[in-house]
Amino acid sequence: MFVFKSIKLLQDHLSENRPKFGKVGYVPTMGALHQGHLDLIAASKAKGCYTVCTIYVNPTQFNNTEDFEKYPSTIEQDIVKLTQNQCDVLFLPSSAEMYGAQVVADKYNFGTVTNSFEGALRPGHFDGVITIVSKLFDAVKPDAVFFGQKDLQQCMVVKHLINKRFSNIQMNIVPTKRESSGLAMSSRNVRLTDDERAVAIRLYEALLFVKQQVLAGVSASEVISIAKAQWLNHPKLKLEYLALVDADTMEQHELVRPEIHYAVIIACWCSNVRLIDNVLLTD
Ligand code: PAF
């Protein structure tokens, strides 16, 4: 695997190799890699792409300093995993390389996609995500990109960005990888104790219950209040949202209609770790 820290060296390498390999597939990450990330690499390789991964913990997308400071970093193990999973190139930029002297995000408004749920609860988060993803897409110039469904709202934000600025890039959303308990894999899971992990699986159980009930015709508000009482009423859990949404626009819905593509989404603190997860009604 080639490792580059500068955009110039990365671009020189890619323009030399692009004609040989055809398509460049790209997996942006913040490191602390788990099987969910490796599935994204596998999806890119399965499409025959010359595969580039980035590890860069982007400061501008953290609305909470403690979350940024505690974000896990396992770079040596990450490099071993990427090599074992046939990743072709790792791009490891510094903040100076990505932002220059001013590490600040631009402002974006894509309507409900940026302003609801994660956008409302984590002010500036999507400004940071869109700013860095734009810079990374400009640096890598990928043909296809691979994002995990766990961050569903982020996927929709990136889809909008692609439609607006990068229409030649093909977006691929890869299903959430789960532990055998059902807990969605996340880099933040390493901060959960065994007891917290055992409680955290309630998020997925609540999602599956809401999905089953809304598909049976029960209204979202009714089933969500039952789910809150049965699964999420626990001293270690603090729910931020549980909602039925249009999976493309992130608008909240009460009842299922056939023409819309829905998801049930959740954000919940488990002690001091914020977890998000979702299920599509079509899964
Ligand atoms: O999902 C992530 O890991 C990050 O938000 C991303 C897309 C790498 C941007 O920093």
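Note: the structure precedes this text.
The paragraphs below set out a description of the structure included in this document. (Residues numbered from 1 in each chain as written. Predicted model: local features only at pLDDT ≥ 70, side-chain atom pairs only at ≥ 80, totals over all residues. Heavy atoms only, no water.)

**Quick notes on the site of the ligand**
Stated formally: Residues are classed as near a molecule or strand on a simple rule: at least one heavy atom within 4 Å of it. In the analysis that follows, any N or O atom pair within 3.5 Å is treated as a polar contact, provided that within protein one partner can donate a hydrogen and the other can accept it, and provided that, for residues neighboring in sequence, both atoms belong to side chains. Here the Shrake-Rupley method, with its probe set to 1.4 Å, supplies the accessible areas, and only the displayed protein chains count as covering residues.
Around the ligand sit P28, T29, M30, N58, Q61, I132, F147 and Q154, and that is every residue in its neighbourhood. Taking Q61, its side chain carries an N or O atom lying 2.6 Å from an oxygen atom of the ligand. Q154 places a polar side-chain atom, nitrogen or oxygen, 2.7 Å from an oxygen atom of the ligand. In isolation the ligand exposes 290 Å². Once the protein is present, 90% of that is buried.

**Quick notes on the environment of N278**
Counted only if it meets this: Put simply, DSSP H or I for four residues or longer makes a helix, DSSP E for two residues or longer makes a strand, and each gets a number counted from the N terminus. Whether two residues are in contact is decided by their heavy atoms, any of which lying within 4.5 Å being enough.
Looking at where N278 falls in the secondary structure, it is placed in strand β9 (residues 273–280). Each C-alpha atom of the pair N278 and Q153 lies 9.7 Å from the other, and the pair is 125 residues apart in sequence. Leaving out residues up to four positions away in the same chain, N278 has contacts with Q149, K150, L152, R178, L207, V264 and I265. Here the side chain of N278 touches Q149 through a polar contact of 2.8 Å, landing on its backbone oxygen. Within the structure, N278 has its side chain in polar contact with the backbone oxygen of K150 (distance 3.1 Å).

**Points about the sheet that holds strand β8 (residues 262–270)**
Filter applied, for reference: Each pair of strands is called paired provided DSSP finds at least two bridges between the two strands. Here an axis means a line fitted to C-alpha atoms, over the contact stretch when the element is a helix, while the angle between two N-to-C directions is reported on a 0 to 180 degree scale.
In spatial order, the strands read β7-β8-β9; together these 3 strands make up an open sheet with antiparallel pairing. In the strand order of this sheet, the two ends are held by β7 (237–246) and β9, each with one partner. On average, each strand axis in the sheet is tilted by 15 degrees relative to the strand beside it, whichever way the strands run. In the sheet, β8 pairs with β9 via 8 bridges, with the strands oriented antiparallel. Paired with I266 across the bridge in β9 is D277. Helix α11 (residues 220–232) rests against β7 and β8 of the sheet, and its axis sits at about 155 degrees to β7.

**Quick notes on the nonpolar core**
Counted only if it meets this: The definition of a nonpolar core used throughout is a set of buried Ala, Val, Leu, Ile, Met, Phe, Trp, Tyr and Cys residues joined through side-chain atoms within 4.5 Å. For the exposure calls, accessible area comes from a 1.4 Å probe over protein chains only, and a residue counts as buried if that area is under 20% of its type's maximum, exposed if over 50%, partly exposed in between.
Core analysis: the largest hydrophobic core is formed by 46 residues, its most contacted members being L10, V52, V133, F137, V145, F147 and I265. Ranked by the residues each element gives to this core, the list is headed by helix α8 (residues 125–140), at 9 residues. Ignoring sequence-local partners within four residues, the contact set of V133 consists of F147, V158 and L161. The next biggest cluster of nonpolar side chains, apart from the first, holds 29 residues, and it includes A200, A206, A227 and L244.

**As for the pairing of strand β5 (residues 144–148)**
Burial of β5 is extensive: 4 of the 5 residues sit out of reach of the surface. Where strand β2 (residues 24–29) meets β5, 2 bridges bridge the pair, whose relative direction is parallel. Considered in β5, the bridge of Y26 is made with V145. In terms of strand pairing, β5 meets strand β6 (residues 170–174) through 5 bridges, oriented parallel. In the sheet register, A144 faces β6, and the bridge partner there is Q170.

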